[in-house]
Amino acid sequence: MMLSQAKAGHKAIIQEITGNEKLKKFLFSLGCSEGQEIGLISILAGNYIINIKDSRYAIDRKMAEIIRIN
Amino acid sequence: MPTIIVGIIFFGIIAFAAYKSRESIKNNSCPGCSGSCTIEKKQKCGR
Amino acid sequence: MKIALAGNPNSGKTTLFNAITGKTEYVGNWPGVTVEKKEAFLKTKYQISKSKVRIVDLPGAYSIAPYTGEEAITRDFVTGEKPDVIINIIDANSLERSLFFTTQLLELEIPVVIALNKQDVLKRHGDVIDSVRLGALLNCKVVETVANKGKGVRRLIEDAIEAASMKSIHTSPDLDFSIVSDEDNARQKFTGMIAQECHVSNRDTNDISLSDRLDRIVAHKWLGLPIFFLVMWAVYAFSIEGLGGFLSEYLNETVFGEIVPNAANAFFEGIDVNPLLQSLIVDGAIGGVGAVIGFLPLIMVLFFCLGLLEDSGYMSRVAVVMDRFFKKIGLSGKSIIPMIVGSGCAIPGVMATRTIEDINEKRMTTILTPFVPCGAKIPIIALFSAVFFPNASWVGPSMYLLAIVMIALGGLLLKKIFVWENTSIFLIELPEYKIPSVRHAITQMLKHAKGFIIKASTIILVMNTLVWFMQAYGWNLRPVTIQDASILASFGGIISPLLIPLGFVGWQLAAAILTGFVAKENVVATFAVLLAVASEDALYLPGGVLSGIFNPVTGYAFLAFNLFTPPCFAAIGAMNSELGSKKWLFRAIGFQLGVGYMVAMLISQIGSIIVYGETAIGFGYSIVVLVSIVFLVIRLIRKSDSNVKQVLTEAREGGI
């Protein structure tokens with residue numbers, strides 16, 4: 001499923017990033033790429049608070065929709 | 001005489017202030033403002 | 001020797017830069033605070049040899065391959081200008097992510113020294129990083145630092161200078177291509193391996209921390225916005241009407257209202273100076289500059305509060321809260337960062353739009369950022385609220401609120417006129433909350449205070465002297481007996497008819513508005529100079545001389561006019577370089593003029609009807625203006641609509 005369908009507290013491994021190359025590369029530099037662990041901490045004001053490699057990020061729904069997790 | 005001395009001092013200060021202002025105006029900034037776009041960087045700024 | 005500071009956003013580069021150079025560059029814990037490289041010389045305290053060491057602070061980057069404009073600056077500098085050594089600052093709390101950029105830096109054939117920063121936070125988390133092992137694995141020096149407390153900084157500098165003089169080039173990290181073929185993946189495997197070897201952690205970062213709990217309240221769907229308003233209301237009420245206002249009142253009324261001018265007058269009379277020169281100095285220079293400097297305490301209190309707020313980590317949450325609303329007007333949470341920076345000064349605010357990739361969003365943010373009341377507009381707000389609303393605490397905060405409302409409405413209107421699709425995707429790092437550092441807040445406060453004094457004693461002093469001359473002399477270059485015959489009056493007279501629909505009458509207003517375009521503080525200073533002739537009383541007194549020109553409603557409208565019309569020329573210059581085209585600059589200025597004019601007109605006319613039950617001066621004209629502006633806007637929207645349709649049809653036909 002996509003990250004946007006996950007519930008807060010869900011921990012998963014990223015299966016695929018489906019965005020354009022530039023965005024993929026950017027996410028990659030944050031450690032957000034295939035095979036990496038991702039935790040969904042909370043969903044606040046339409047944004048997804050995620051944990052990747054010990055850092056917290058807020059991403060919008062559009063971005064959560066391009067991250068496929070298991 | 002005092003008028004001339006005070007006048008010279010005062011206009012000296014004004015001239016200096018004007019010079020300082022001109023410097024920073026050239027850099028797209030105000031004296032004392034944080035941040036500016038300096039001349040040599042303008043090309044990069046303009047992007 | 002040239003030392004470059006490079007690292008991820010919010011790893012502490014600028015904090016380190018300030019610590020080793022003694023500068024007070026703007027530090028903030030959200031990305032985009034540093035959008036340009038900054039250079040300074042190393043403090044003598046850290047100097048080892050006689051040769052001067054230049055330190056270059058670079059914008060934060062996650063990777064050498066740039067994603068946004070400011071990241072490109074970092075790449076261009078390290079690959080183009082070849083510093084002698086790079087200090088790579090790593091936030092020890094996100095080691096693995098940071099190493100991605102580190103390994104790229106290690107391949108540049110420039111010596112690299114790593115500063116493993118934020119050790120205090122690492123310890124608090126109970127984590128351990130074996131820095132010796134890390135250094136051995138990466139084949140470079142690693143120094144543990146706490147940049148904001150100066151810990152480890154001396155050793156870091158010594159190691160960096162040594163590495164530079166030895167020109168110790170690293171063997172590039174040994175990326176393993178046996179399992180994966182592409183470079184990025186090999187790099188990721190490598191960093192993962194290193195992190196696993198050096199980093200001992202007993203906590204699961206997926207656990208809900210105190211920060212997360214706070215986020216759930218602060219960035220809550222419904223509570224987020226009211227909390228933000230409440231916080232800003234408190235900050236502005238406290239600085240403009242509370243403590244800041246109280247201190248400014250004393251400085252304005254007593255020090256610059258009585259003590260200084262009286263002493264100056266007595267001095268000049270004592271040594272028998274020409275009365276005209278005396279008037280120029282006392283009424284023009286001291287009166288005008290004093291009226292501005294009087295607001296210094298207020299500026300200091302405001303920036304102290306904003307400094308505390310920034311340092312706590314709250315501002316990135318504001319971006320999260322606003323994202324949803326900003327999306328509706330074609331912007332995103334990213335646009336909030338330039339606006340927050342813009343509450344200090346519009347120039348760095350406008351420059352911070354560089355962090356926005358989407359060109360349309362960047363343009364709109366550039367146009368809307370100057371709406372935020374910057375430090376220079378604060379004296380105007382404080383002056384008018386003291387004179388016309390002496391016992392109200394809502395005037396200052398209401399200006400901030402009005403700015404937010406106008407940003408929203410302005411954004412909607414811009415979206416209607418220049419239709420665009422928002423392609424930008426929003427991501428922001430959320431640093432952990434922390435108890436704000438008072439030292440940071442004091443540094444910010446002093447920096448702004450210094451800037452304010454410098455500005456008052458240069459550009460405002462010059463403008464005031466000019467204003468004094470223009471109001472004292474006629475076109476025949478002889479002193480005039482009444483101000484109305486002066487050069488300034490004739491200049492103001494050209495513009496003043498345009499202000500009648502706004503209920504503003506008098507060339508003095510037009511003159512103040514004109515000087516305000518040079519620097520907004522000049523509005524206050526110009527009134528001080530012009531009205532010094534009319535009354536001995538300080539400008540600041542409740543119901544003072546300004547009441548001769550305004551009533552509370554038109555006074556409030558005048559405030560709004562100054563808030564929303566184009567900012568000072570320096571900010572316009574910054575807008576010009578960020579927008580990158582004259583066409584967009586004219587559109588921006590036109591839009592801002594239109595918004596400022598309309599808001600002031602509506603407040604003035606509608607306010608007069610509600611408050612006084614009668615129309616303000618120029619009511620008839622205002623109807624004419626209103627109708628023509630509405631007509632113009634509708635035409636612009638129609639035009640852009642048909643353009644969009646045309647593009648769509650062409651695309652469809654082309655598709656077939």
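Reading the values: the criteria
- Residues numbered from 1 in each chain as written.
- Chains lettered and ligands numbered in written order.
- Predicted model: local features only at pLDDT ≥ 70, side-chain atom pairs only at ≥ 80, totals over all residues.
- Heavy atoms only, no water.
- Helix = DSSP H or I, 4+ residues; strand = E, 2+ residues; numbered from the N terminus.
- Buried < 20%, exposed > 50% of the residue type's maximum accessible area, 1.4 Å probe, protein only.
- Areas by Shrake-Rupley, 256 points an atom, 1.4 Å probe, with all protein chains shown as cover.
- Domains from an automatic or database assignment.
- Contact = heavy atoms within 4.5 Å.
- Buried area = accessible area lost by both parts, 1.4 Å probe.
- Salt bridge = Lys/Arg side-chain N within 4 Å of Asp/Glu carboxyl O.
- pLDDT = per-residue confidence, 0-100.
- Core = buried A, V, L, I, M, F, W, Y, C linked by side-chain atoms within 4.5 Å.
- Pairing = 2+ DSSP bridges.
- Axes fitted to C-alpha atoms, helices over the stretch in contact; angles between N-to-C directions.
- Polar contact = N/O pair within 3.5 Å; in protein donor to acceptor, adjacent residues only side chain to side chain.
- Right-handed = clockwise from strand over helix to strand, strands pointing away.
- Parallel < 35°, antiparallel > 145°, perpendicular 65-115°, else oblique.
- Left-handed = near helix turned anticlockwise from the far one by under 90°.
- Nonpolar A, V, L, I, M, F, W, Y, C, P; charged D, E, K, R; others polar.

A. Fine view of the overall build of chain B. Per the secondary structure count, chain B includes 2 helices and 0 strands. With 47 residues in all, chain B has 32% of them scored as buried. Put simply, chain B shows about 2900 Å² of open surface, and 67% of that area lies on carbon and sulfur atoms.

B. Highlighting the domain arrangement of chain C. Residues and elements named next belong to chain C. Split into domains, chain C comes out as domain 1 (2–200) and domain 2 (225–430 + 447–617). A separation of 41 Å is found between the C-alpha centroids of domain 1 and domain 2. Taken residue by residue, the interface counts 18 residues in domain 1 and 17 residues in domain 2. Summing both sides of the interface, domain 1 and domain 2 together bury roughly 1500 Å²; the carbon and sulfur share of this comes to 56%. Our enumeration of links across domain 1 and domain 2 arrives at 1 salt bridge. Across the pair Glu429 and Arg97 runs a salt bridge, and its minimum N-O distance is 3.2 Å.

C. Region of interest: the confidence of the model for chain C. For chain C, the average pLDDT comes to 87, and 96% of its residues sit at 70 or higher. Here the complex is predicted with pTM 0.88, and the ipTM for its interfaces comes to 0.94.

D. Examining the arrangement of the chains more closely. Take the 2 pairs of chains in contact: the one carrying the most contacts is chains A and C. Chain A makes no contact with chain B; the smallest distance between any of their C-alpha atoms is 20 Å.

E. A look at the nonpolar core. All names here are of chain C. One finds Phe384, Phe504, Phe527, Leu546 and Phe564 to be the most contacted residues of the largest nonpolar core, which totals 158 residues. Each of domain 1 (2–200) and domain 2 (225–430 + 447–617) gives at least three residues to this core. In this structure, Leu546 is in contact with Leu383, Phe384, Val387, Phe388, Phe527, Leu531 and Leu539, ignoring residues within four places of it in sequence.

F. Just the environment of Thr353(C), in detail. Residue and element names in this part refer to chain C. Its location among the elements puts Thr353 in the loop between helix 15 (346–351) and helix 16 (359–368). For the pair Thr353 and Leu105, spaced 248 residues apart in sequence, the C-alpha to C-alpha distance is 27 Å. Once residues within four sequence positions are removed from consideration, Thr353 is found in contact with Pro338, Lys362, Thr365, Thr366 and Glu578.

G. Broad picture of the sheet that holds strand 5 (residues 67–69) of chain A. An order of 5(A)-1(A)-2(A)-3(A)-4(A)-9(C) is seen for the 6 strands of this open sheet, with the pairing classed as antiparallel. The sheet is open, and its two edges are formed by strand 5 of chain A together with strand 9 (427–429) of chain C, each paired on a single side. Geometrically, the sheet is characterised by an average inter-axis angle of 40 degrees between neighbouring strands, direction not taken into account. As defined by bridge partners, strand 4 (residues 55–60) of chain A adjoins strand 9 of chain C across 3 bridges and the pair is classed as antiparallel. Along strand 9 of chain C, the bridge assignment pairs Tyr57(A) with Glu429(C). Sitting on the sheet, helix 8 (residues 210–218) of chain C touches strand 2 (37–44) and strand 4 of chain A, and the angle it makes with strand 2 of chain A is about 35 degrees.

H. The interface of chain C and chain A, seen in detail. Residue-level contacts link 36 residues of chain C with 31 residues of chain A. Summing both sides of the interface, chain C and chain A together bury roughly 3200 Å²; the carbon and sulfur share of this comes to 56%. If you sort the residues of chain C by the area they bury against chain A, Tyr67(C), Asn206(C) and Leu427(C) come out on top, with a joint share of 21%. With a shortest N-O distance of 2.5 Å, Glu96(C) and Lys53(A) are connected by a salt bridge. Linking chain C with chain A are 21 residue pairs in polar contact (both at pLDDT 80 or more), by the criterion used here. Going through the elements one at a time, helix 3 (95–106), helix 7 (183–198), helix 8, helix 13 (314–328) and strand 9 of chain C are the ones with two or more residues in the side of chain C that touches chain A.

I. Inspection of the pairing of strand 5 (residues 112–117) of chain C at higher detail. Residues and elements named next belong to chain C. Here strand 5 lies mainly inside the structure; 6 of its 6 residues are buried. Residues Val112, Ile114 and Leu116 point to one face of strand 5 and Val113, Ala115 and Asn117 to the other, with burial holding for every one of them. Pairing of strand 4 (residues 85–91) with strand 5, which is carried by 6 bridges, proceeds in the parallel orientation. Its bridge partner being in strand 5, Ile87 is matched across the sheet by Val113. Handedness of the crossover joining strand 4 and strand 5 through helix 3 is recorded here as right-handed. In the sheet, strand 5 pairs with strand 7 (residues 142–144) via 3 bridges, with the strands oriented parallel. Looking at the pairing, Leu116 lines up with Glu144 of strand 7.

J. Just the packing of helix 24 (residues 569–579) of chain C against helix 25 (residues 582–612) of chain C, in detail. All names here are of chain C. Two elements in contact, helix 24 and helix 25, have axes separated by 8 Å at closest approach and are oriented at 135 degrees. By the angle between their axes, helix 24 is oblique relative to helix 25. Between helix 24 and helix 25 lies a crossing whose hand is right-handed. In this structure, helix 24 contributes Ile572, Met575, Asn576 and Leu579 to the contact, and helix 25 contributes Lys582, Trp584, Leu585, Ala588, Ile589 and Gln592. Looking at the contact of helix 24 with helix 25 residue by residue, the class counts come to 7 nonpolar, 2 polar and 1 charged.

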